[in-house]
Amino acid sequence: METIQRIQPSTTFAIPGIKAATRVGDLLFVSGQVPLGPTGELVGVGNFRAQAEQVFANLAAVLEEGGSGFDRIVKVTVFFTDITRDLPAFREVRDRYIAAEHATASSAVQVAKLFHPSVLLEVEAVAVCA
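Residues numbered from 1 in each chain as written. Predicted model: local features only at pLDDT ≥ 70, side-chain atom pairs only at ≥ 80, totals over all residues. Heavy atoms only, no water.

> Can you lay out the nonpolar core for me, pointing to particular residues and giving the numbers?
Core analysis: the biggest nonpolar cluster contains 28 residues, and Leu-59, Ile-73 and Phe-90 have the highest contact counts within it. Where this core is concerned, the elements lending two or more residues are strand E3 (27-33), helix H1 (48-65), strand E4 (73-80), helix H2 (83-97) and strand E6 (121-128). Among the elements that take part in this core, H1 stands out by supplying seven residues, more than any other. Contact partners of Leu-59, with chain neighbours within four places excluded, come to Val-30, Gln-33, Phe-70, Ile-73, Val-123 and Ala-125. (Core = buried A, V, L, I, M, F, W, Y, C linked by side-chain atoms within 4.5 Å. Buried < 20%, exposed > 50% of the residue type's maximum accessible area, 1.4 Å probe, protein only. Helix = DSSP H or I, 4+ residues; strand = E, 2+ residues; numbered from the N terminus. Contact = heavy atoms within 4.5 Å.)

Take a look at the structure:
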């Protein structure tokens, strides 16, 4: 039986009742990362690029804490509130973190809203651990 490890980096805000990731064997399942700073403040209100930067900073911390990295992601799911407007900026930010040679399976979905009306995106991932 595989051990289940719950991951919560000290550098990311801990949402009550949710862990940033769960590791089972060599797989890391990363919860949807949103643009919350380390103390829970919403970053980049009205600024998609700033929110995307915070989301990827959070994702980096979770991957590292879980024993993985951007080059080990096997699936990404992105939730947008306005995919037409924000997809180009998302791709620019993503491409700085996930190199073209490590491109991964991906889904992009537009939703009516996320957990807070000022949140413009959420990114979840599955990665292989080293």
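> Give me the packing of H1 against H2: which residues, what numbers.
Relative to each other, H1 and H2 sit at 35 degrees, their axes nearing to 10 Å. The two elements H1 and H2 meet at a crossing, and its hand is right-handed. Contacts between H1 and H2 involve Phe-48, Arg-49, Ala-52, Glu-53, Phe-56 and Ala-57 from the former and Asp-86, Ala-89, Phe-90, Glu-92, Val-93, Arg-94, Arg-96 and Tyr-97 from the latter. Its residues assigned to classes, the contact of H1 with H2 shows eight nonpolar, no polar and six charged. (Axes fitted to C-alpha atoms, helices over the stretch in contact; angles between N-to-C directions. Left-handed = near helix turned anticlockwise from the far one by under 90°. Nonpolar A, V, L, I, M, F, W, Y, C, P; charged D, E, K, R; others polar.)

> Report on the sheet that holds strand E5 (residues 105-110), specifying residues and quantitative values.
Here six strands make up an open sheet; going across it, the order is E1-E2-E3-E6-E4-E5 and the pairing mixed. Only two strands of the sheet have a single neighbouring strand rather than two, namely strand E1 (4-7) and E5. Put simply, the sheet's adjacent strands are angled 10 degrees from each other on average, direction ignored. When E1 meets strand E2 (residues 21-24), the two strands line up antiparallel, connected through four bridges. Looking at the pairing, Ile-4 lines up with Val-24 of E2. Against the sheet, H1 contacts E1, E2, E3, E4 and E6, and its axis sits at roughly 155 degrees relative to E3. Along the sheet, H2 contacts E4, E5 and E6; its crossing angle with E4, the most-contacted strand, is approximately 140 degrees. (Pairing = 2+ DSSP bridges.)

> Requested: an account of the side chain of Thr-12, with residues and values cited.
Among the secondary structure elements, Thr-12 is positioned in the loop between E1 and E2. Of note is the side chain of Thr-12, whose polar atom sits 3.1 Å from the side chain of Gln-8. In this structure the side chain of Thr-12 is engaged in a polar contact, spanning 3.3 Å, whose partner is the backbone oxygen of Pro-9. Not counting residues up to four positions away in its chain, the partners in contact with Thr-12 are Pro-38, Asn-58, Ala-61 and Val-62. (Polar contact = N/O pair within 3.5 Å; in protein donor to acceptor, adjacent residues only side chain to side chain.)

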